Amino acid sequence: MKVEFPKTFFWGAASSATQAEGRLVDDGKGENIWDYASKEYNHRFYDGVTTENTSLFYRDYQQDIQKMQDISFNSFRTSLSWSRLIPNGTGEVNPKAVKFYNHMIDELIAKGVEPFINLYHFDMPMALQEKGGFENKEVIQAYKQYAETCFELFGDRVNYWFTFNEPMIPAEAGYLHDRHYPYVVDFKRAAMVLHNIILAHCEAVNVYREMKLAGKIGIIMDVIPVYPRSQNPADLYAAEMADLFYTKSVNDAILKGQYPARLKEVLEEYDQLPEVTEADLALISATSIDLLGINYYRPRRVKAKECLPNPDGVFSPEWFFDEYVMPGRRMNTSRGIEIYPKGIYDIAKKIQTEYGNIDWFVSENGIGIEGEEAFIEEGMVQDDYRIDFLKEHLTYLNQAMKEGSNCLGYHMWTFVDCWSWGNAYKNRYGFYRLNLATGEKSVKKSGVWFKETIENNGFD
Ligand code: FCB
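My aim in this report is to walk through the structure given alongside it, one point at a time. What you are looking at is a predicted structure, and each value in this text was computed from that prediction instead of being measured.

## Thoughts on helix α10 (residues 233-256)
An α-helix turns once per 3.6 residues; consequently, residues spaced three or four apart project the same way.
Then, number 1: Helix length check: α10 (24 residues) gives 27 Å between terminal C-alpha atoms against 34 Å at 1.5 Å per residue, more than 12% under.
Then, number 2: Of all the bends in α10, the greatest measures close to 50° and is centred on Lys248.
Then, number 3: Directly after α10, the chain includes Gly257, whose backbone phi takes a positive value near 75°.

## Things to note about empty space enclosed by the protein
It is the rolling of a water-molecule-sized probe over the atoms that shows where space remains empty.
Then, number 1: All chains considered together, the criterion is met by five cavities of 30 Å³ or more.
Then, number 2: In this structure, the largest cavity spans a volume of roughly 110 Å³.
Then, number 3: If you trace the largest cavity, you find 14 residues lining it, with Ile33, Tyr120, Gln129, Pro170 and Tyr175 closest to the centre.
Then, number 4: Breaking the lining of the largest cavity down by element, the ones donating at least two residues are α2 (33-40), α8 (168-175) and α9 (187-210).
Then, number 5: Computed from the structure, the second largest cavity encloses a volume of approximately 70 Å³.

## So, the pattern of salt bridges
Then, number 1: With the rule as written, the count across this model stands at 44 salt bridges.
Then, number 2: The salt bridge partner of Glu338 is Arg301, with a shortest N-O separation of 2.8 Å. In this pair, Glu338 is assigned in strand β12 (residues 337-338) and Arg301 in strand β9 (residues 300-303), connecting sequence segments 37 residues apart.
Then, number 3: Residue Glu338 is classed as buried on the basis of its relative accessible area of 3%.
Then, number 4: Classification of Arg301 as buried rests on a relative accessible area of 7%.
Then, number 5: In this structure, Glu392 engages Arg330 in a salt bridge whose closest nitrogen and oxygen atoms are separated by 2.9 Å. With Glu392 in helix α14 (residues 384-402) and Arg330 in the loop between β10 (322-323) and β11 (331-332), the pair connects residues that are 62 residues apart, well separated along the chain.
Then, number 6: Residue classification places Glu392 among the partly exposed positions, given a relative accessible area of 27%.
Then, number 7: In this structure, a network of salt bridges that share partners links the residues Glu372, Asp383, Arg386, Asp417, Arg428 and Lys444.

## Some remarks on the sheet that holds β10
Then, number 1: Read from one edge of the open sheet, three strands run β7-β9-β10, paired in mixed fashion. Either end of the sheet is taken by a strand with one partner, and the two such strands are β7 (226-228) and β10.
Then, number 2: In this structure, β7 lies alongside β9, joined through three bridges in parallel fashion. Bridged to Tyr227 within β9 is Arg301.
Then, number 3: Its contacts with the sheet place α10 against β7 and β9, and it is angled at close to 135° to β9.

## A few points about the nonpolar core
Then, number 1: Residues Trp82, Met104, Phe134, Trp161 and Leu397 are the most contacted members of the largest nonpolar core, which totals 134 residues.
Then, number 2: No other element matches α9, which puts 14 residues into this core.
Then, number 3: Core analysis: the next-biggest nonpolar cluster, separate from the first, contains seven residues, Phe162, Ile220, Leu291 and Phe361 among them.

## Let's talk about the layout of surface pockets
Then, number 1: Space inside the largest pocket adds up to approximately 1,000 Å³.
Then, number 2: Only α8 and α10 provide two or more residues apiece to the lining of the largest pocket.
Then, number 3: Broken down by element, the lining of the largest pocket gets its largest block of residues, three residues, from α8.
Then, number 4: For the lining of the largest pocket, a count of residues per class yields 14 nonpolar, twelve polar and twelve charged.

## Focus on the site of the ligand
Then, number 1: Around the ligand lies a shell formed by Gln19, His121, Asn165, Glu166, Asn295, Tyr297, Glu364, Trp413, Ser420, Trp421 and Tyr429.
Then, number 2: With respect to the ligand, the side chain of Gln19 contributes an N or O atom lying 2.8 Å from an oxygen atom.
Then, number 3: Within the contact set of the ligand, an oxygen atom lies 3.0 Å away from a side-chain nitrogen or oxygen of Glu364.
Then, number 4: In isolation the ligand exposes 300 Å². Once the protein is present, 89% of that is buried.
Then, number 5: Counting atoms within 2 Å of the grid points, the majority share of the ligand lands in the largest pocket.
Then, number 6: Partitioned by chemical class, the residues of the shell around the ligand number four nonpolar, five polar and two charged.

## A closer look at unusual backbone geometry
Then, number 1: Of the consecutive residues Tyr181 and Pro182, the connecting peptide bond is found in the cis state with omega at 15°.
Then, number 2: Within the fold, Pro182 resides in the loop between α8 and α9.
Then, number 3: A cis amide bond links Trp413 with the next residue in sequence, Thr414, at an omega value of 10°.
Then, number 4: With respect to the helices and strands, the residue Thr414 is situated in the loop between β17 (407-413) and β18 (427-428).
Then, number 5: We note that Leu56 has phi near 55°; this positive angle belongs to a residue other than glycine.
Then, number 6: Here Leu56 is to be found in the loop between α2 and α3 (57-70).
Then, number 7: One non-glycine residue, Tyr183, adopts positive backbone phi at about 55°.
Then, number 8: Tracing the chain through its elements places Tyr183 in the loop between α8 and α9.

## Things to note about the environment of Phe76
Then, number 1: By the element assignment, Phe76 lies in strand β3 (residues 75-79).
Then, number 2: When the C-alpha atoms of Phe76 and Thr414 are compared, they prove to be 9.7 Å apart, with 338 residues separating the residues in sequence.

What counts as what
- Residues numbered from 1 in each chain as written.
- Predicted model: local features only at pLDDT ≥ 70, side-chain atom pairs only at ≥ 80, totals over all residues.
- Heavy atoms only, no water.
- Helix = DSSP H or I, 4+ residues; strand = E, 2+ residues; numbered from the N terminus.
- Expected span 1.5 Å × (residues − 1).
- Bend = angle between axes of the 7 residues up to and from the residue.
- 1 Å grid on protein atoms, 1.4 Å probe; cavity = no way out; pocket = protein on both sides within 12 Å on 5 of 7 lines; lining within 4 Å.
- Points joined across faces, edges and corners; volume = space filled by probe spheres on them.
- Salt bridge = Lys/Arg side-chain N within 4 Å of Asp/Glu carboxyl O.
- Buried < 20%, exposed > 50% of the residue type's maximum accessible area, 1.4 Å probe, protein only.
- Pairing = 2+ DSSP bridges.
- Contact = heavy atoms within 4.5 Å.
- Axes fitted to C-alpha atoms, helices over the stretch in contact; angles between N-to-C directions.
- Core = buried A, V, L, I, M, F, W, Y, C linked by side-chain atoms within 4.5 Å.
- Nonpolar A, V, L, I, M, F, W, Y, C, P; charged D, E, K, R; others polar.
- Near = heavy atom within 4 Å.
- Polar contact = N/O pair within 3.5 Å; in protein donor to acceptor, adjacent residues only side chain to side chain.
- Areas by Shrake-Rupley, 256 points an atom, 1.4 Å probe, with all protein chains shown as cover.
- Sits in = over half its atoms within 2 Å of the grid points.

Spelled out as structure tokens, the structure:
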């Protein structure tokens, strides 16, 4: 049986500025929180490997884009680095950055690769972080100006814009779970950050609309579909809460124009409601997007809480559910997460039934593998496990599309093995292997498979 996709389907991969461009600060780039954490919190990165040591897209972009064409990509997503373009976050624009991004975009277009450009991938300029980052409403205005600058500079050629990658993560990882700088653990501050990111998103979308450019604008969300252990009320409640905090909170705000009423109720009950004005809510309700990106890596299985939380501890969504390890579940042991291809189908159905069947695409999906060098035979990484992973996810996606889901494309994470936020190079994700010793990039078996798949609009 052939799993066939439309001829117009977007095929490619995703990356981000901080994870691929390389070197801490060069050609006038300002510092962002990752450059800063690389220096001051080196121990927080796997093997102490920091942003300096990435796949050097800034230097090698021409060869890299050629490599995209070599495996027939028709689209590619990356982000612009705010601190490269506007080193202090506001004010002066860095001409070398403008030149670089112009060349990058032109090169992509010349090679038949549609650029999907994201404005923010976790990388707050340090000068603005020092003013409180997204906790500070002034930073929303700075972001709006940055967005406007990007639209002015590149909006004549970029047809697909995204305001944020995974808006939940800077809030959750930076202000609650101690994973990203500034390593704060405080729910109310995290909620404020998330709310302000949503407002910043709205401001950028509205500026884009005012400029009357011809392209589309959207956002990229991480969705972790939630599955309860059983249909018992206590397990169902746990699932409801996990979904409410981590998915519905953002999805409803962006796609329905309002926060879930239930979220407000719960936050009020625990005295955790951040400051939200009527004007904020009006802005959220007046903003809508054209295209949604979904990053999907894993399901979240949950069960009723076994121990009551310590009421003196930091309030957290984890007060309401425990993660549940389903017996026999299939794991990606490198990352300690479950592999569940049907999750992509479930997400597609939810977009269809709950979020107005909006146009969307898979903006990230993939499998990170530790020790992938062990799979090299005859000079090529024989990553059959990645091919299986892709086939299974694409088959479920295809099924949802046959049932009416408006999915426009599929981007794998990622193009060349790249640096990840805490894990550095522990897990490899790319269609191309990066030889860390020599910097050489060589196609993996999955890259060859992907090329055939794109050329055939599918696979058997
Ligand atoms: C996603 C991030 C991306 C990458 C992958 C592995 O959550 O968007 O930057 O690190 O995880």
